[in-house]
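Chains, contacts and geometry: an overview
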Amino acid sequence: MFERLSDNGKKYEEETREHVNEYADAGLRTLILAYRELSEEEYAAFNEKIYEAKNSVSVDRQELIDEVTEEIEKEMILLGATAVEDKLQQGVPECIDKLAQAGIKIWVLTGDKMETAINIGYACSLLRQGMTQIYIPLDTPEIIAVEKTGGKSTIAKVK
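The shown structure was predicted, so the numbers you read here are calculated from the model rather than taken from an experiment. (Residues numbered from 1 in each chain as written. Predicted model: local features only at pLDDT ≥ 70, side-chain atom pairs only at ≥ 80, totals over all residues. Heavy atoms only, no water.)

**As for a nonpolar patch on the surface**
On the surface, Leu31, Leu33, Tyr35 and Leu79 cluster together into a nonpolar patch covering about 360 Å² of accessible area. Of the residues forming the nonpolar patch, the biggest block, 3 residues, is contributed by strand 1 (residues 29-35). Here Tyr35 lies in strand 1. (Patch = residues over 30% accessible without salt bridge, like charges linked within 9 Å, V, L, I, M, F, W, Y side chains within 5 Å. Areas by Shrake-Rupley, 256 points an atom, 1.4 Å probe, with all protein chains shown as cover. Salt bridge = Lys/Arg side-chain N within 4 Å of Asp/Glu carboxyl O. Helix = DSSP H or I, 4+ residues; strand = E, 2+ residues; numbered from the N terminus.)

**Re a negative patch on the surface**
A cluster of acidic residues, Glu14, Glu15, Glu18, Glu22 and Asp25, forms a negative patch at the surface. As for its placement among the helices and strands, Glu15 is situated in helix 1 (residues 13-25). A relative accessible area of 37% means that Glu15 is categorised as partly exposed. (Lys, Arg positive; Asp, Glu negative; His and termini not counted. Charge placed at Lys NZ, Arg CZ, Asp CG, Glu CD. Buried < 20%, exposed > 50% of the residue type's maximum accessible area, 1.4 Å probe, protein only.)

**Side note on the packing of aromatic side chains**
Under the definition given, this model contains 0 aromatic pairs. Above the ring of Phe2, the side-chain terminus of Arg17 is found at 4.0 Å from the ring centroid. (Phe/Tyr/Trp six-rings, centres within 6.5 Å; stacked < 30°, edge-to-face > 60°. Lys NZ or Arg CZ within 6 Å of the ring centre and 35° of its normal.)

**Describing the side chain of Ser6**
Relative to the helices and strands, Ser6 resides in the segment before helix 1. Polar side-chain contacts of Ser6 include one of 2.5 Å to the side chain of Asn8. Leaving out residues up to four positions away in the same chain, Ser6 has contacts with Glu75, Met76 and Ile77. (Polar contact = N/O pair within 3.5 Å; in protein donor to acceptor, adjacent residues only side chain to side chain. Contact = heavy atoms within 4.5 Å.)

**Observations regarding the layout of surface pockets**
In this approach, a probe sized like a water molecule rolls over the atoms, and the result shows the empty space that is left. Estimated volume of the second largest pocket: approximately 180 Å³. Every residue lining the second largest pocket is listed: Met1, Phe2, Glu3, Arg17, Val20, Asn21, Thr30, Ile32 and Lys113. Elements that contribute at least two residues to the lining of the second largest pocket include exactly helix 1 and strand 1. Looking at which element gives the most residues to the lining of the second largest pocket, the answer is helix 1, with 3 residues. (1 Å grid on protein atoms, 1.4 Å probe; cavity = no way out; pocket = protein on both sides within 12 Å on 5 of 7 lines; lining within 4 Å. Points joined across faces, edges and corners; volume = space filled by probe spheres on them.)

**Describing the nonpolar core**
Formed by Phe46, Ile50, Ala53, Ile65, Val68 and Ile72, the largest nonpolar core amounts to 6 residues. Among the elements of the structure, helix 2 (40-54) and helix 3 (61-72) are those that each provide at least two residues to this core. Among all residues touching Ile50, those that are not within four sequence positions of it are Ile65, Val68 and Thr69. Phe2, Leu5, Ala34 and Leu78 belong to the second largest nonpolar core, which has 5 residues in total. (Core = buried A, V, L, I, M, F, W, Y, C linked by side-chain atoms within 4.5 Å.)

Scope: geometric values only; no functional claims are made or implied.
Structure, rendered in structure tokens:
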């Protein structure tokens, strides 16, 4: 979200980043809030484009939606951040423990911030002290460049 902010919309960026990191360290789900005022003409043009994208039946429907939202979600003004506790469903730690005892290999794939994912991993007994953790970052400059220019098959080759 921070990369979508206008120059005058970054007044509280540093403090908000600190808060988001504190929330993530505590294992909370975070949400960053920002806004942008649109003229009636901008909204009408966006509404028409997003309607067309959402009603597309082509294989690249999601890419069309992403392109339209990318056009509108820029030059935003940061409001702040909030966080909520996302409690585990009952029985999750016990289930994961039994799977591990049975010798089943368990992998975690998440879009969470690393700190949040690690805290959740410990909370559900998926991670334990002394375990080897392998971190595969997808926010390297190489991956970001390929995401902007290439398709998903190209990204798989870069990894």
